[in-house]
Structures are given as structure tokens and as C-alpha cells.
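Observations on chain architecture
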Amino acid sequence: MRIRTGYSFRVAAGMIDDCFAKVKGLGWHYAPITDRASTFGWIRWNKLCKNANIKPIFGVELAVTPSAHAKKPVFDHWTFLAIDDIGAVNQLVSLATSQFRYEPLLTYEQAMAAEGVIKIAGSRALLNEFKPAEDLYIALSPSASKGYIKQAFEMGHKFIATGDNKFVNEDDEGFYEVLCGRGASTQTYSQWILTEDEWRSSVKRIAWPEVIEDAIANQTDVGALCHAKLKSAQLLSPQHDLSLEEMCRVGAVKLGIDLTDPVYSSRMDRELKLIFDKNFEDYFYIIADMMQFARQKMICGPARGSSCGSLVCCLLEITTIDPLKYDLLFERFIDITRNDLPDIDIDFSDQKRHLVFEYMENKYGREHIARLGTVALFRPRSAVDEAGAALGVPKWLCTKVLDSLIVRSSGDSRALSTLEDTFRGTQSGKELLDKYPEILVAARMEGHPRHFSQHAAGIVVTETPVTDYVAVDSRTGATYCDKKDAEELNLLKIDALGLTQLSVFEDALLLAGKDIHYLERVPLDDPAAFEVINKGQFSGIFQFNGPALQSIANQIKTEHIEDIVSTTALARPGPMASGGTGEWVKRKNGYSPVDYPHPAFEPYLKNTLGIVAYQEQVMEIGRQIGDLTWEDVTALRKAMSKSLGKEYFDQFGDRFKAGAIKKGIPADKLEKIWDDLCAYGAWCFNRSHAVAYGVISYWCAYLKAHFPVEFAAATLSHEPDPEKQIKTLREMAVEGIEYLPVDSELSIDKWSVGWRNGKKYLIGPVQNVKGIGPKMVSAIMSARARGEPLPEKAQKLLNNAVTEIDSLWPIRNAVKRIMPDPTEKNIHTPVTQVIDVQTNGREYTTMIFAVVQQIKPRDENEAVNVAKRGYEIKGPTQSLNLTVSDDTDRIFCKVDRFKFEKIGKEIVDRGRPGKALYAIKGKVPDSFRMIRVENIRFIGFVDGDSKK
């Protein structure tokens, strides 16, 4: 009556499917799951049992001790099985986690007082601490001793047959030891899931036949007695004074939306009808109430994802985007073909988001609110790292394999089974397997539960206490179920996401003397805001911190919010690779005419110059032109979200063409129309999300245009990376705005704004100083608040401050320090800044001084390279990929296989990424921005370290 799975984190090993398969193979009529201090496996176990027509029994194993406050508690582990209601076990878990000492625990008194459960004492119970009881059994298991069983028998206790598994099969012990590490048991008793014969053999040394037979009989009786089932949650029904329609009308007046306009009134009526038909009203009451509270306390995102397409969400202040203004599709939000609740994901200021959690607890009661839990699985890197460390494999060998890792998308069914293919199918994998064959255990670890934690954003809300459905960890308030489990249990899940950019806005507006609703009132057509993007002043601009959006923005003139929205959507790998992005840029710049496959497409493609850029466009074209069903366009939406591509789309081609012909589209044009729709549309983006996040990007540009110093200070406060801080400070320097890395008297715990000679300047926080950590920051701020002198050490560090941003040009300065005259080192080629190394239609030679940031050796005969090339190469195969940077930009460099031994091996051996400085000379190809390295010379270390 005791089965542990891999959800007994670091206590047992075994994928839940493998554990169940063993139980099923043994012919059991019921299947208990009793993980150590965890109920994460229940929902998956229940599914397996249902499919196999085997009765599940739900339980948990918890530590029991005489006193929860003892300095060194003495533990026994008891198993508790739910009899009629799983809530009884869930409540025990909550109680045990509230008394955490090394692990969740109960006292003997609490364990004995528990109701609604069968109790099975372990093999080390302090028998004098409790008396026999009707619902109490002593585990007759391989881990018990003969003396213990004898004492329990003499005291009148009943016994029950149990195993004591830590892994699934007898030959899994090595896997278990590697996976559990120091938590692995060193006992010699049978620790796998036993057959009845194996169990009898293992206990005959400690018990006599009468006890053994009674234990088996009691096992059967308890199995018949326990019939608790998982329950589907009931949606919380909150109190409300107004109906949803009345709330929408109140919201319309507040927002200035005219509901006498038939376009708006019909849209609202259509949305409300679908919400009512699907019984989603309570969900909207809950979210609307939460958002109306939050928007008074903090800056919230205008929207996130498909909820941006709902007028009802806008009128209820769940979102702040008018979907009709932006032609957003409601059906992208609520799918008429399904009955599960739509996702309303919301962005909150990450520095104030806790207020939302507190509000929900106060509003509905702590027992009705929980944070969502999450389980981390072993991924390829973590599996190889841990297995390698446990088996004594040199780390550099493991790193070499991971650099050759076969990568699969998350939607691939083999996404969590890539390691074995990497070990057997790549050169570095084969070499490692030859030297350390036992490393193959890492492949078994991949996808195995690793640890659990609290989900960053998920909140669970229930009508009755959460523990009626799932256990809750009292330490964190998080459920012992993840997102998918919550959906299975019909738990209302709200994603309250923290977005740092919103905290930046809060700090910037505070410095500027503006209220938190200021950005909602700014015009969305300000030329100064667009000019920030046109000047390429991207630092601090939301979404524009990567090369893709920057590249598109640099090729066009941004002059409308739609340009930002389009750039957001078109800077994705799909549209860029398919040519959609390039064609849009040409049309935007007037180099290509704006045309449409047929005039019927213009209403849907006008905003994007005839290019399919958004999922909603594909859905509307499919419905309105191709006469596809809602089920069809829903399937297409899911395919686009998962980037399944043209191969998936093609199954709808004939139906689309047939519908389009009925609408008057010439048949001879439809083949190309469909191919273009697939090429551009199969990987396109959610317009609702692009609009919402495009507005946030615009707000950044607006603040940067009108409150540049305040926005810079707020951005710097929330950017821990010194390299990115320097980029922002350089932009400010170009605008004539100076900074101090730290001021011993004026610096606080965030970046701030000061005045000098009638001009604003930036002041860095005290934590910029090397040697000042969070505790000292707190001490400094407390001393200042009390008007007392600073701690002596803190004052000394501030007076002699050294920071990572003392210079805006650290690499340039390092080169000058190490090598004042390059010609003395026989370097005569003119040096180019990395940002100026660009393609220009012809190959040319360049020279840069740069720090190597990433060092990645490659074997040109790795399986993935051979597959692309179609053959194996002869001769040298080792090459080197480098990412290097100077003070202006980063660039990719390649040391080919013929130069690796001469110049590449030295770079690998030296290492020190981020520190080692080189002079690099090579060729820039005519059509791809990179440097093919011809020669490279080590200059020194940017930090002055003399280690070679």
C-alpha cells in the first residue's frame, strides 16, 4: 500500500508512467500513490488508472515526530491514505508544511488525531508514543526489523503489507543513486516495486506466517475501503451589485465610448451573449474586480494576449485597448468551439504585484486563494551536469556534448528525449560515451521531476476551500499541482504576471511628478516619440533590445503606432525567414507597390500593406473568404501559435479554395494565393498581443522623448546588467546628460536625478559600489533615515568607490592601457568599431579589438552539420564559433577548421569569456554580418588580470 514515484523529489526515482506500468504488470486491482511530502503525481496517476480500469488510491507519506520543536527531531515516515475524501490528506499536507523542520512533519498526536484517513506507521516508529487504533496499521515492509515487528505485535497493533520502493525495478539502483545524490538511501533491503513473491521473501526473516497472512488480508481490506476520488472544482460565484451589461455601460461612460454607435453596441451584445451562453459571467466579475483594484494601486499593462480583442474586457477595465479602434478579433479570445475558460493574462508592476495577491486573499479568504505550483523537470543540460558531477566526468567533456546538443521544439513529442540521440548521434557524444558509458544515465534523467516551486504568476481561486481539491504548501501558499493539473481539476487559474517595464514607468513618473494614470492619457501620435525610434535610441525601449526589431526599425521611418505594432509582429523568425518582413519593409519605403492577392483581401490586409502578419488576419481570411468552419480556423490558430508551418496548413487548402471560388476568387489565382497565405501566415503573430505590447513600447518612447533623464534613471534602476546600463548612459551622454556612478552623500538605493549648473544629471545608487551588498544598502538607508553616521565600512567604500560603470568605454580604455601604440605590437591595419562592421554587397577585410563573450568549439562532422551538408568532410573537422564585442556592439566570428589548431585552440584553452581581449582580423562576407577570422592575437584582460 505504498508506491513512491519521481514526485517524491530526491527521495525516489521513477517516471510516473514507469511506476504505474510496473503496478499494472503485477496485476494489482488498485494502485496507491503515496509520494513523500508531495501530491503532485495524483492527477497523472488518476488518468493512468482510469485508462487501465484500475482503482486509484490517493495518499501521501509524511514525517512524524514526538515534538515539532525538538532541536533534532527523530523522524518516522507514515503513510496516510484518503478513505472517502481527498481533502483529509490535503489538510494533513498543509498542516505538515506549516511545521517544516528539515522536511514537512506532523507530531504523533496530530497523526493519530487525523480523521478520514488510513494511517500506516513506518518501520522506525516510536511505538510507545501511540496506541493501537482501528484506522492504524504498522507497515510490514522489507525495511522493518524483527524486533520492531515483535514489539508492535505484542502491543496489539495490526499489520499491513507494504513495499518500501525508492525506484521501479531492481536494476534501477544506479539510476536512483545518481538522480537522488546525497538523498539516496544506502540500505541493503529490497527498494524496488516488489512482486508478491519478492515481498514474501523479503519479510519472512522478520515476521512469522500468521502476521504475513494477516498483513496481506489487511492490505486487501484497506484497498476496498479507500474510494476517495479527485474532485472537479466549482467556479467561485462572487457577490456583485451590477450585471455585466450594467458594468459595461458604466465603463463606457467613464471611457467615453458611445454605445449608441451600432458598431460598438452590436459588438458588446455579441460578446456578452457568448459569455452568458458559456456561463463565464462569474469569471469576468472576479477579473474585473481584481483589475479595478489593481489599476488604482499600480501601473498595469494595457493588455496581454488575446484578451486585448475583447470590448467587454475594455469596458470592464480588464484591458485598456479599444479593440474596434485596432480591428481586433474577439474570436481569437473566446473560441466558440470550446467551453473551457479563456485565458486572461495580465501584466502588473513587479514591484507592487504582491498587493494583488493580498487583495485576493482579503477579498475571498485565504482558504479560497492559493498560488499555483510548478514542477521543474530535468532538462538536457541539468541532467548532464548533475550526472557528470555524480559520476566524476570532467566538466569540459560534458560542456562539449551540450554544445552539440540536438535541439527540438517544445511541441515535438521527443522534446524531452534528446540526450540519448545526442550521445549516440554526435561525435562529441560518442567520444564521451566511449570514455564514460555510465553517463547514459543522464538520458534517463531527462524529463524526470527535479524539484517543485511556486509558479511565478498563477493564482488559484475556488468557491470552497482549495484543499477540497488539492494540497497547499503552507510555507508558500502554492498548490501541489501545476498549470495542466489545475485545468484538469477545473480550478480557476489567473495569471498575474510581473512586468519590470511597468515598474520602470512607476519610478519614472514618480521622478517626473506625474500620477500612475498619466500614460493612459498621452496621445498615441506624438512625433517626438516616433523620433526616438527613428534616431535608433533603443536602450530602455520595451521589446527593442534585440537585433530583430532594431533592424526593421532602422530600415523604415516610424510615424504611426501601427508601424510599431507591425514591427513587433514582423520581427519574428517566421515572417523574417519567409520573406514577409522584407517585403513589408519594401512596401513601407515605397520600393514595392502595395497590392493584394485579390480586392476581397484588402479589408483584412490594409493595415499591413497587403502582407499577412497576424494570426487574426489568417482566421478572418479563412472564415470570410475561404468559408472555413470555426473549428478549422481554431485549428489554424493553434497551428500558428505552435509554428507548425505549411505542412499543417495544407490539409485545409482544398476547403479554402472551394470556399474562395464561391466568393468570386478566380480559380487560376488560388494556388498562388494559398501558397502565399501559407508562406507568410503559417508562422505569424497574435495581433492583439502585438497591439498591447506595441503600446508599451510607444509609452517608453514617449517618456524618453519628454522625460529623458527620469526615464533613464528608472530604466537603470531595473537593469542589473552593467553592459546594458552603459548603453543607456552613452545615449544620455550624446544628449549632453552626465552621470555619476555613485555619490557618497546623495546616492540612495535606486538611480536618481540631481541638478548641477542648471542641468539634470543621473546619480547611481549605493549598490553600484563593489563591496556593497543588500545588507549594507539597508544599513546605509536606515542610518540616513535616522540622521546617523554611516557604518564605517560603508563610508570607506563610498569614499573610495569602484563600480563597473566607472567608464562608458571600458574596452577602449583597456586597449589603450594595455597597448598605447598598436604599431609596437606590429598591428598596422586600421581598427574598426564592431557596430560599423556591416555587409555592403561585397567581401572585405576588417580589423577589430574585442572581448570574446562566448567560446563554442564545433565539430563540422556533427550529425546536424552532416545532415545539412549531406556528406562528411575529410581532414580537420574542429572549428570555433565566437561571439565577440567591443563598446559598441556584438558580432559573430568563425575560426574555420583549417585555422583551429593554429589560432582557435589557444582561445579555447585560455577561456575567460567576458575578460580576454583580442585583436581580430578577418573577412566580412558580402551578405551575412560576421567575421571569418584570418588572424587573432591576444592583447590582455580588460580587468587587468595578468593570468594567461
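Counting starts from 1 at the beginning of each chain's written sequence and moves along it residue by residue. Only residues with pLDDT of 70 or above have their local features reported here, since the model is predicted, and side-chain atom pairs are shown and tallied only from 80 upward, although totals for entire chains, interfaces and linings are computed over all residues. The basis for every side-chain value is the complete set of non-hydrogen atoms in the structure, without hydrogens or water.

Brief notes about the overall build of the protein chain
Going along the chain from the N terminus, every DSSP run of H or I of four or more residues is numbered as a helix, and every run of E of two or more is numbered as a strand. Across its full length, the protein chain carries 40 helices and 21 strands. A globule of 948 residues ought to have a C-alpha radius of gyration of about 30 Å, and the protein chain, at 32 Å, matches this closely. Across its three principal axes, the protein chain shows a C-alpha extent of roughly 90 × 80 × 75 Å. Of the contacts made within the protein chain by residues no fewer than 6 positions apart, 69% connect residues no fewer than 24 positions apart. Here the accessible surface of atoms and residues is derived via Shrake-Rupley with a 1.4 Å probe, and residues count as covered only by protein chains that are part of the display. Split by element, the accessible area of the protein chain, about 42,400 Å² in all, is 50% carbon and sulfur. Each radius of gyration reported is based on C-alpha atoms, and the globular scaling rule is 2.2 Å times the count of residues to the power 0.38. It only takes one pair of heavy atoms within 4.5 Å for two residues to be counted as in contact.

Some details on the pairing of strand E5 (residues 117–121)
Note on classification: 1.4 Å probe, protein chains only; a residue is buried when its accessible area is under 20% of the maximum for its type, exposed when over 50%, partly exposed between these limits. For E5, the buried fraction is high: 5 of the 5 residues fall into the buried class. Covered by surrounding structure in E5 are Val117, Lys119 and Ala121 together with Ile118 and Ile120, the residues of both alternating faces. Note that strand E3 (residues 76–82) and E5 share 4 bridges and pair antiparallel. Within the sheet, the bridge partner assigned to Phe80 lies in E5 and is Lys119. Whether two strands pair comes down to DSSP finding at least two bridges between them. As paired strands, E5 and strand E6 (residues 136–140) are joined by 3 bridges and run parallel to one another. The residue bridging Ile120 from the neighbouring strand is Tyr137, located in E6.

What about unusual backbone geometry?
When glycine is set aside, most residues are seen to have a negative phi, and most peptide bonds are trans. Of note in this structure, Arg10 is not a glycine but carries a positive phi near 65°. Along the chain, Arg10 turns up in the segment before helix H1 (16–25). Positive phi values are uncommon outside glycine, yet Glu317 reaches one of about 65°. Tracing the backbone through its elements, the reader meets Glu317 in the loop between helix H12 (311–315) and strand E8 (346–349). Of the residues examined, Glu317 reaches a relative accessible area of 19% and is grouped as buried.

Observations regarding helix H33 (residues 687–706)
For a helix, the expected span equals 1.5 Å multiplied by the number of residues minus one. Along its 20 residues, H33 runs 28 Å from first to last C-alpha, staying within 8% of the 28 Å computed at 1.5 Å per residue. Taken across its 20 residues, H33 has 18 buried, putting it largely inside the fold.

Quick look at helix H20 (residues 500–512)
Every α-helical turn comprises 3.6 residues, leaving residues that sit three or four positions apart pointing alike. With 13 residues, H20 extends 18 Å between its outermost C-alpha atoms, agreeing within 8% with the 18 Å of an ideal straight helix rising 1.5 Å per residue. Within H20, the full set of buried residues consists of Gln501, Leu502, Ser503, Val504, Phe505, Glu506, Asp507, Ala508 and Leu509. The inward-facing, buried residues of H20 contact E8, strand E13 (492–499), helix H21 (518–521), H33 and helix H34 (708–717). Looking one or two places after H20, you find Gly513, whose phi comes out positive at around 75°.

Some points on the packing of aromatic side chains
Geometry of aromatic contacts follows a simple scheme: Phe, Tyr and Trp rings, the Trp one being its six-membered ring, pair when their centres are within 6.5 Å, and the pair is stacked under 30 degrees between planes, edge-to-face over 60, tilted otherwise. Inspection of the entire model under this criterion finds 27 aromatic pairs. Centre to centre, the rings of Tyr283 and Phe284 are 5.8 Å apart; their planes meet at 75°, and the pair counts as edge-to-face. Residue Phe284 is classed as buried on the basis of its relative accessible area, which comes to 0%. The rings of Tyr7, Phe9, Phe40, Phe452 and Tyr480 are connected pair by pair, giving a single aromatic cluster. Stacked on the ring of Phe685, the Lys or Arg Arg572 has its end atom at 3.9 Å from the ring centre. Two conditions define a charge located above a ring, namely a distance within 6 Å from the ring centre to NZ of Lys or CZ of Arg, and an angle within 35 degrees of the ring normal.

Remarks on the pattern of salt bridges
The term salt bridge refers to a pairing of a side-chain nitrogen on Lys or Arg with a carboxyl oxygen on Asp or Glu at a separation within 4 Å. Enumeration over the complete set of coordinates arrives at 51 salt bridges. A salt bridge links Asp164 to Arg4; the nearest nitrogen and oxygen atoms lie 2.8 Å apart. One end of the pair, Asp164, is in the loop between strand E7 (159–161) and helix H6 (173–180); the other, Arg4, is in the segment before H1, with 160 residues separating them in the sequence. Like Asp164, the residue Arg4 is buried in the burial classification.

Quick word on the sheet that holds strand E21 (residues 931–941)
Spatial ordering of the closed barrel is given by E17-E18-E19-E21-E20, a layout of 5 strands whose pairing is mixed. Taking the axes of each pair of neighbouring strands and ignoring which way they run, one obtains an average angle of 45° across the sheet. Two elements, strand E20 (residues 916–924) and E21, share 8 bridges in a ladder whose sense is antiparallel. Residue Ala916 lies in a different strand from E21, and its bridge partner there is Phe941. Along the sheet, helix H40 (residues 900–910) makes contact with strand E17 (844–859), strand E18 (878–885), strand E19 (890–895), E20 and E21, crossing E21 at roughly 40°. Think of each axis as a best-fit line through the C-alpha atoms, taken over the contacting stretch in the case of a helix, with angles from 0 to 180 degrees between the N-to-C directions.

Things to note about the environment of Arg332
Tracing the chain through its elements places Arg332 in the loop between H12 and E8. Taking the C-alpha atoms as reference points, Arg332 and Asp18, 314 residues apart in sequence, are found 39 Å from one another. Excluding its chain neighbours within four sequence positions, the residues that come into contact with Arg332 are Ser306, Gln615, Glu616, Met619, Arg637, Ser641 and Asn686.

Some remarks on the side chain of Glu583
With respect to the helices and strands, Glu583 occurs in helix H26 (residues 580–588). We define a polar contact as two N or O atoms separated by no more than 3.5 Å, with the added condition that, inside protein, one atom must be a possible hydrogen donor and the other a possible acceptor, whereas residues neighbouring each other in sequence contribute only through side-chain atom pairs. Only 3.0 Å separates the side chain of Glu583 from the side chain of Arg587, close enough to count as a polar contact.

What about the packing of H34 against helix H35 (residues 722–734)?
Each pair of packed helices gets described by two things: the angle between the helix axes and the distance between those axes. At a minimum axis separation of 10 Å, H34 and H35 run at an interaxial angle of 170°. Classified by the interaxial angle, the pair formed by H34 and H35 is roughly antiparallel. Only Gln725, Thr728, Leu729 and Met732 of H35 make contact with H34, whose side of the interface consists of Pro708, Ala712, Thr715 and Leu716. We call Asp, Glu, Lys and Arg charged. Ala, Val, Leu, Ile, Met, Phe, Trp, Tyr, Cys and Pro are nonpolar, and the rest, Gly among them, are polar. Along the lines of polarity and charge, the residues of the contact of H34 with H35 split into 5 nonpolar, 3 polar and no charged. Roughly parallel covers angles under 35 degrees, roughly antiparallel covers those over 145, roughly perpendicular covers 65 to 115, and oblique covers all other angles.

Some points on a negative patch on the surface
A contiguous patch of negative charge on the surface is contributed by Glu170, Asp171, Glu173 and Glu177. With respect to the secondary-structure elements, Glu170 resides in the loop between E7 and H6. Patch criteria: residues need more than 30% relative accessible area and no salt bridge. Like-charged residues are merged within 9 Å; nonpolar side chains of Val, Leu, Ile, Met, Phe, Trp and Tyr are merged within 5 Å. In summary, the charge assignment counts Lys and Arg as positive and Asp and Glu as negative, without counting His or the chain termini. By convention, charge coordinates are those of NZ in Lys, CZ in Arg, CG in Asp, or CD in Glu.

Considerations on the confidence of the model for the protein chain
Summary of the metric used: pLDDT quantifies the predictor's per-residue confidence within the range 0 to 100. Per-residue pLDDT for the protein chain has a mean of 91; in total, 97% of the residues score no lower than 70. Per-element confidence in the protein chain is highest for E5, whose mean pLDDT is 98, and lowest for helix H39 (residues 863–869), whose mean pLDDT is 68. A low-confidence stretch, residues 409–413 (pLDDT under 50), is modelled with 2 contacts involving residues beyond four sequence positions or located in other chains.

Side note on the sheet that holds strand E15 (residues 752–756)
Pairing between the strands of a sheet comes from backbone hydrogen bonds, and it takes one of two forms, parallel or antiparallel. Pairing in this open sheet of 3 strands is mixed, and the strands run E14-E16-E15 from one edge to the other. With one partner strand each, in any of the chains shown, strand E14 (739–740) and E15 form the two edges of the open sheet. Inspection of the sheet shows E14 paired to strand E16 (residues 759–763) by 2 bridges, in the parallel sense. Across the sheet, Leu740 pairs through a bridge with Ile763, a residue of E16. Packing of H34 onto the sheet brings it into contact with E15 and E16, and relative to E16 it is tilted by some 0°.

A word on the side chain of Thr581
Take Thr581: it is sitting in helix H26. Of the residues examined, Thr581 reaches a relative accessible area of 5% and is grouped as buried. Among the polar contacts listed, one links the side chain of Thr581 to the backbone oxygen of Leu570, at a separation of 2.6 Å. Discounting chain neighbours no more than four positions away, the residues touching Thr581 are Ile552, Leu570, Pro575 and Met576.

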